[in-house]
Amino acid sequence: MPEARDSHGTNGDYEDMGIDELVASLATDVKSGLSSEEHTKRITFEGYNEVTDKKANQYINFAKKFSGPTAWMLEAVIVLSLILGNYADVYVVIALLVLNAVLGYFQEQKASKAVDALKKQLQINARVLRDGTWHFMPSRELVPGDIVRIRAGDFVPADIKILDGRLDVDQSALTGESLSVPKEHAHMLFSGSITKSGEATGLVVFTGAKTYFGKTTELVQFARPRLQVEEVVSQIVKWLLVIVGLALVITFAVSSLAGMNILDILPLALVLLASSIPVALPAMFTITMALGSMELAKRGVLVTRLSASEDAATMDTLCLDKTGTITMNRLTVAGIVTENGMSEEDVLMFGALASEVANHDPIDNAFIISANDRKISIDGFIRLSFIPFDPATRRTETIVEKNGERYRIVKGAISAIVELTGTDPASLRTRSAGFAAKGYRTLAVALGVNEKPLSVIGLVALSDMPRADAGKLISDLQNLGISVRMLTGDALPIAQETARQVGLSGTISGTEELDSLQQTDPAKASCIIEESIGFARIYPQDKYRIVKSLQESGHIVGMTGDGINDAPSLRQAEVGIAVSNATDVAKGAASAVLTREGLGNIVDLIRVGRMIHQRMLTWIFNKVVKTFQIVVFVVVAFLLTGQFIVSVFDVVLLLFVIDFVTLSLSTDNVRGSQKPDSWDISELVRSSLVLGVLVVLESLVILAVGLGPLGLTGKTTAIQTFSFAILFYFGMLTVFVVRERGHFWDSFPSRSLFLIMLADMCLVAVLVTVGIPGLTAIPPVDTLTVISMSVFFSFVINDFVKYFMLMPGKNKKTDNITS
């Protein structure tokens, strides 16, 4: 087996290698191809022409859900409950632990399908020379050394060196270049390209993951976005544990000084630990994002990774792929310079006559569409002959006749037309200098009537023009506080002109300097990326590196794209957005897919995402306030009375009747912010504690009323029910206080939130009055006392304190804590 086939070096090595040398290196025969026996050997050695995907063990993934901050807290409560012999509590907490694991597991099943899409792309047929005979066989069976035939319309199934023939190839899905690329003898064809015209025989050089296409696939597999949800949960758990830890330290210290047995305080530690578990937080994230995804689907955005909608709220940087996203990925006429007394309409008419719809040539289509848009008629002309574009001549030519006049029309590269007409090339370059400065592709149109010689009648500039809504999209994004950057595989002048057209101002960098700096001075490379608003002549790995660099600089990054070349960066970005006409690979790598034409839905994604963020902030804010209330209230009451005023059962029951019921916040009416949100958990906790201190003081006042006028002193189980009611009603009413940054009456909650919480409060009123196992009944007057005092404190005192604390514009850091 030839050593050259072991790894093949790089695509560049074979692109520079001569045909004879390459044929010898791959030990093949260009006249008969590989033998079946040799093919079998190479399949065994090289593997199939496909990209393999390593699947993670799902059982191990599920087992991992029993590890992590929330799971460890639940497991600690189970251990303490077993030590204290509270077996009923053990069963309840185990149920919570399993619920937490199941929710986490199913949330992670929203995995990317990029690699599967790539496999489907490779599952096509190819024309292969085997044992001296041409066969039609699955492209997955191709191996290096195979001789293949490529024709117009074919998907290039491997990296191939052209032996003979000429092709016009669309590489936009790979490189982002909007123009077709001519390929001829000794040129390389890259897997994933699409043949637009021509026919050629080639030698397979790379297959599977070793192709240009396959290496892009590997980048997709290696790309891993940061999961903000996991970071947020971890930070919240840390702060809740800090609150519990400080309370326990104070309790142990005071109890030791008072001569109490430390073991007697273990039940208190169990209560406090159980109260701090944010067991419903993963469910809150999942449900809120799922409902947001349903709302986005109605607006033409399909979310394929649940966290993407929330990530869009914190996104502060959006990288827009130029070709197919900002632009239409279609050549159009951008300008015309007329010659010899012709009008623009004349130039377009004759240019359209020298074009053929059936060839699906992008240049021909540009002339035809532009002529149709201007309602220029070519009726009456009879075509006598037509010569399609040939990379060797770089022109198309036709002869037409009308009213007895014969017209010879040629359109093509300026240099090719100059050779035919003898026109001074310097004058044409001067006339087209403005087009060249903008990076436009300029063609010349020449006309000869009857026996007269050809003469240039006009210069036509072609460009991949921006979408109609691209400028408004960028303006709207900037108004939402998002920094927009453009990425393209096109040349720098094209990138600069496109940026000007859509209103992007700033420095556009080429990747040549970045490539060298990444090796010699990564810090400077990162600085250039940070300061640039666009990048030209970039490849898939460059887009991936740019996204990673921005993330390492602290940005939450979004990326839009439509081609195979965009897949790695779409996967790496926190918010990967595939446009409606994107390839399956790009859609599989993205976390959100636009299902309608246009880009306006990106703004909807951000606005809905920010609404989702506000709902989750409200839940977390309330959870921190409630945890602080329970911890401090229980500790202070224990130190004052020597009694455990709530049991573990009470705390676990609170998790169900408050934490899980307040999941209905996921449907609340909220207003998203006008700037990117952020998960400043430290500031959130500090703001929550201000309200938490107030709630604790008010809870102690209500408890004093219960122990005094209501005569609960000495009735341990009744005190626990009374305290449970205090904690519950404050926990529920605080939701109505913190969900609105203004006064609570400034906006009404959603119908479902209001009705669910009202029903929950009525149910708990019945439970504490009637009693259930583990919850002793208390008189109706006690229940009404708790409800009335909680309503007064929450809506009269706490709401005004919150309003002045979170007054819009007073404290920018807390401005986004509630809607």
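Everything in this summary refers to the structure shown in the same document. (Residues numbered from 1 in each chain as written. Predicted model: local features only at pLDDT ≥ 70, side-chain atom pairs only at ≥ 80, totals over all residues. Heavy atoms only, no water.)

## A look at the overall build of the protein
The criterion, for reference: What counts as a helix is a DSSP run of H or I of at least four residues, what counts as a strand is a run of E of at least two, and both are numbered from the N terminus. Only protein chains enter the area calculation, which uses a 1.4 Å probe; residues under 20% of their type maximum are buried, those over 50% are exposed, and those in between are partly exposed. Throughout, a residue-residue contact means that at least one pair of heavy atoms, one from each residue, lies within 4.5 Å.
Tallying secondary structure elements over the protein gives 32 helices and 21 strands in all. Expressed as a percentage of the 819 residues in the protein, the buried residues total 56%. Taking the intrachain contacts of the protein between residues at least 6 apart in sequence as the baseline, contacts between residues at least 24 apart amount to 74%.

## Re the packing of helix α13 (residues 307-314) against helix α27 (residues 601-641)
When two helices pack together, their arrangement is captured by the angle between the axes and the distance separating the axes. Our working definition: The convention used is that axes are lines fitted to C-alpha atoms, helices contributing only their stretch in contact, and that angles between N-to-C directions extend from 0 to 180 degrees. Oblique is the label for any angle not under 35 degrees, not over 145, and not in the 65 to 115 range, which are roughly parallel, roughly antiparallel and roughly perpendicular in turn. In the scheme used here, Gly and all other residues not listed as nonpolar or charged are polar, with Ala, Val, Leu, Ile, Met, Phe, Trp, Tyr, Cys and Pro taken as nonpolar and Asp, Glu, Lys and Arg as charged.
Remark: α13 packs on α27, axes separated minimally by 7 Å, with the N-to-C direction vectors making an angle of 95°. The pairing of α13 with α27 is recorded here as roughly perpendicular in orientation. Of the residues in α27, those in contact with S309, E310, A312, A313 and T314 of α13 are L605, I606, G609, R610, I612, H613 and M616. Taken together, the residues of the contact of α13 with α27 break down into 6 nonpolar, 4 polar and 2 charged.

## So, the nonpolar core
Here is the rule we go by: We call a set of buried Ala, Val, Leu, Ile, Met, Phe, Trp, Tyr and Cys residues a nonpolar core when their side-chain atoms join them within 4.5 Å.
By size, the foremost hydrophobic cluster in this structure holds 140 residues, and its most contacted members are F285, L477, I602, I620 and F728. With 20 residues, α27 is the largest single contributor of residues to this core. With residues up to four places along the chain from it excluded, the contact list for I602 reads L318, L473, L477, T560, I577 and L594. Grouped together as the second largest cluster of nonpolar side chains are 25 residues, V333, V347, M349 and I363 included.

## Some words on helix α15 (residues 344-353)
Side chains that are three or four residues apart share a direction in an α-helix, a result of its 3.6 residues per turn. The buried fraction of α15 is high, at 7 of 10 residues. The set of residues buried in α15 consists of V347, L348, M349, F350, G351, A352 and L353.

## Digging into the side chain of D799
We apply this condition: Under the rule applied, a polar contact is a pair of N or O atoms within 3.5 Å (in protein, one hydrogen donor and one hydrogen acceptor; residues adjacent in sequence only if both atoms are side-chain atoms).
In this fold, D799 is placed in helix α32 (residues 780-805). In this structure the side chain of D799 is engaged in a polar contact, spanning 3.0 Å, whose partner is the backbone nitrogen of F744. Not counting residues within four places of it along the chain, the set of residues in contact with D799 comprises V737, G742, H743, F744, W745 and S794.

## Notes on the pairing of strand β20 (residues 575-578)
The side chains of a regular strand alternate, first on one face of the sheet and then on the other. Heads up, the rule is: Any two strands with at least two DSSP bridges between them are considered paired.
Here β20 shows a buried face lined by V575 and I577 and a second buried face lined by G576 and A578. Judged from the 4 bridges that link them, strand β19 (residues 557-561) and β20 form a sheet pairing that is parallel. By the bridge assignment for β20, G561 is matched with A578.

## Section: the sheet that holds strand β12 (residues 395-402)
Taken together, 6 strands build an open sheet; the order of strands is β10-β15-β14-β13-β12-β11 and the sheet is antiparallel. In the strand order of this sheet, the two ends are held by β10 (327-338) and β11 (382-390), each with one partner. In this sheet, adjacent strand axes meet at a mean angle of 20° when their direction is disregarded. With 7 bridges joining them, strand β13 (residues 405-413) and strand β14 (residues 441-449) adopt antiparallel strand pairing. Opposite Y407, over in β14, you have V449 as the bridge partner. On top of the sheet, helix α17 (residues 414-421) reaches β12, β13, β14 and β15 (455-466); it is set at about 140° to β13, its chief contact.

## Digging into the pattern of salt bridges
Test applied: Only one rule defines a salt bridge in this text: a Lys or Arg side-chain nitrogen within 4 Å of an Asp or Glu carboxyl oxygen.
Under the defined criterion, the tally for this structure stands at 27 salt bridges. A salt bridge links K210 to E46, with the nearest nitrogen and oxygen atoms 3.2 Å apart. Taken together, the positions of K210 in the loop between β7 (194-206) and α9 (212-222) and E46 in helix α3 (residues 36-46) put the pair 164 residues apart, joining distant regions of the chain. Residue K210 is classed as partly exposed on the basis of its relative accessible area of 28%. Taking the shortest distance from any N to any O, the salt bridge between E497 and R500 comes out at 2.5 Å.

## Side note on the environment of S752
Examined against the element boundaries, S752 turns out to sit in helix α31 (residues 751-770). A C-alpha to C-alpha distance of 7.0 Å links S752 and S664, two positions 88 residues apart in sequence.

## Considerations on the layout of surface pockets
Rules: A cavity, in this analysis, means grid points on a 1 Å lattice covering only the protein atoms where a 1.4 Å probe fits yet has no way out; a pocket is instead an open set bounded by protein on both sides within 12 Å along at least five of seven lines, and a residue lines either one if it has an atom within 4 Å of a point. Grid points are joined across faces, edges and corners, and a volume is the space filled by probe spheres set on the points.
As a volume, the second largest pocket reaches approximately 320 Å³. Forming the boundary of the second largest pocket are 20 residues, of which I363, F389, R394, A413 and R441 lie nearest the centre. For the lining of the second largest pocket, the secondary structure elements donating two or more residues are α16 (362-373), β12, β13 and β14. Of the residues contributing to the lining of the second largest pocket, the split by class is 9 nonpolar, 4 polar and 7 charged.

## Observations regarding the packing of aromatic side chains
Selection criterion: Side-chain rings of Phe, Tyr and Trp (the six-membered ring for Trp) are treated as a pair once their centres are within 6.5 Å; stacked means planes under 30 degrees apart, edge-to-face means over 60, and tilted covers the remaining angles. Charges are assigned to positions over rings by a cutoff of 6 Å between ring centre and Lys NZ or Arg CZ, combined with an angular limit of 35 degrees from the ring normal.
Across all of its chains, the model carries 9 aromatic pairs by this definition. Ring geometry for F744 against W745: centres 5.2 Å apart, planes inclined by 80°, an arrangement best described as edge-to-face. Residue classification places F744 among the partly exposed residues on the basis of a relative accessible area of 26%. Linked through ring pairs, F744, W745, F795 and F800 together constitute an aromatic cluster. Sitting over the ring of Y48, R140 keeps its end group 3.9 Å from the ring centre. Cation over ring: K411 sits above F367, and NZ or CZ is 5.6 Å from the ring centre.

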